[in-house]
Each structure stands twice: as structure tokens, then as C-alpha cells.
Amino acid sequence: MNKATARIPAQATSADAPLIASAPTTCPDGVAFCTGDPASHSDPREHVHAGPEYSMTGVYGFELMAFNLAQLDNDAPRLAFVAHGDWPELELNEVDTLIRDLGAHLDRLKAVRAQLAAALDARA
Ligand SMILES: [Zn+2]
């Protein structure tokens with residue numbers, strides 16, 4: 001698959017949003033996860049199928065860690081993940097690596113959060 005990933009407006013941008021958007025597909029090719037954006041299906045030679053985009057928005061930033069499912073024509077679907085502004089398209093085993101690393105990163109964030117709380121307590 002090339003870098004033809006379609007950008008779909010974010011569907012779930014906070015922890016309060018539904019886990020997975022449940023919008024019915026309107027893909028003319030019947031791709032189950034595809035939102036059927038007419039702009040990405042207008043070229044008769046190439047259809048870019050894309051699912052809803054998920055990201056994080058809060059006091060820490062805007063539309064961070066975005067990802068969605070993407071598929072170019074009949075190629076295998078991939079998970080497109082924003083990283084340094086580009087969108088590498090990950091295979092299933094690469095998504096597993098991402099999930100593992102995100103878990104470790106969350107653990108580090110929690111540890112540093114505890115350090116911050118301790119540092120603030122020490123100042124009080
Ligand atoms: Zn589609």
C-alpha cells in the first residue's frame with residue numbers, strides 16, 4: 001500500500017467518547033470499516049477505504065496519537081498511525097508492537113506522574 005491514506009475527521013477525541021464509532025458504512029465497495037467518503041472513492045482507478053479516525057484531545061494537546069484503518073483498493077487493510085506527522089501503515093504484528101510499547105510508555109507516564117506529585121509535596 002502506498003501513502004494514499006485518506007484523512008477522516010476525528011470521530012472520538014476524548015476518553016468520554018465511545019470506544020469505537022458505530023457509523024454505518026456507506027462504502028460503494030462494501031468495505032465494512034470504510035466510511036465511504038466520496039472524495040476517496042471518486043477516482044475509478046483507485047479507491048482509498050478509510051475508517052473513522054481516533055485521536056486524543058485534552059489539556060495536553062489536540063488530536064494526538066491519531067489512527068484509523070485504511071485500505072487501498074483490494075490491498076490488505078492496515079492501521080494508519082500518526083507518527084511525527086506522517087502516517088506509517090502498520091500490519092497486524094506491527095500494531096501489536098505499538099500496543100506493547102504504548103503500555104510501557106503509559107507505565108513510564110504513571111511513574112513520572114508519581115515523581116511530579118512527590119516533588120510538589122516536597123515543596124509544600
Ligand atoms: Zn470504501
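Data block above holds the structure.
About the criteria used
Residues numbered from 1 in each chain as written. Predicted model: local features only at pLDDT ≥ 70, side-chain atom pairs only at ≥ 80, totals over all residues. Heavy atoms only, no water. Helix = DSSP H or I, 4+ residues; strand = E, 2+ residues; numbered from the N terminus. Buried < 20%, exposed > 50% of the residue type's maximum accessible area, 1.4 Å probe, protein only. Contact = heavy atoms within 4.5 Å. Areas by Shrake-Rupley, 256 points an atom, 1.4 Å probe, with all protein chains shown as cover. Salt bridge = Lys/Arg side-chain N within 4 Å of Asp/Glu carboxyl O. Polar contact = N/O pair within 3.5 Å; in protein donor to acceptor, adjacent residues only side chain to side chain. Donors = N, O, S within 2.8 Å, 3.2 Å for Na, K, Ca; no water. Tetrahedral: all angles 85-135°; square planar, octahedral: opposite > 155°, others 65-115°. Phe/Tyr/Trp six-rings, centres within 6.5 Å; stacked < 30°, edge-to-face > 60°.

Next up on the list: the overall build of the protein chain. Summing up its helical and strand segments, the protein chain has one helix and six strands in all. Classification of the 124 residues of the protein chain by burial places 26% in the buried group. Put simply, 42% of the contacts in the protein chain that link residues at least 6 apart link residues at least 24 apart. Put simply, the protein chain shows about 8,500 Å² of open surface, and 60% of that area lies on carbon and sulfur atoms.

Evaluated as defined, the whole model comprises three salt bridges. The partner of Arg45 in a salt bridge is Asp43, and the shortest N-O contact between them spans 3.0 Å. Judged by relative accessible area, Asp43 falls into the partly exposed class, the value being 25%. Measuring nitrogen to oxygen at the nearest pair gives 3.4 Å for the salt bridge that ties Glu91 to Arg78. In this pair, Glu91 is assigned in the loop between β6 (89-90) and α1 (92-123) and Arg78 in strand β5 (residues 78-81), connecting sequence segments 13 residues apart.

Moving on: the side chain of Gln71. The topology assignment puts Gln71 in strand β4 (residues 61-72). By relative accessible area, which is 10% here, Gln71 ends up buried. A polar side-chain atom of Gln71 sits 3.3 Å from the main-chain carbonyl oxygen of Asp75.

A word on the coordination of the zinc ion. Around the zinc ion, the protein contributes the donor atoms Cys27 (SG), Cys34 (SG), His41 (NE2) and His49 (ND1), which lie 2.1 to 2.3 Å from the metal centre. One can describe the site at the zinc ion as tetrahedral: its four donor atoms subtend angles covering 100 to 122° at the metal. Expressed as a motif, the donor residue spacing for the zinc ion is C-x6-C-x6-H-x7-H. Taken as a pair, Cys27 in the loop between β1 (10-12) and β2 (48-50) and His41 in the loop between β1 and β2 lie far apart in primary sequence, 14 residues in all. With relative accessibility at 9%, the residue His41 sits in the buried group.

Moving on, we get to the packing of aromatic side chains. Geometry of an aromatic ring pair is reported as the spacing of the ring centres plus the angle between the planes. By the definition in use, this model includes one aromatic pair. On the numbers, 5.8 Å between centres and 35° between planes, the contact of Tyr54 with Phe67 is tilted. On the criterion of sequence distance, the pair formed by Tyr54 in strand β3 (residues 53-58) and Phe67 in strand β4 is long-range, its members being 13 residues apart. Here Tyr54 falls in the buried class, since its relative accessible area comes to 11%. When its relative accessible area of 34% is taken as the criterion, Phe67 is described as partly exposed.

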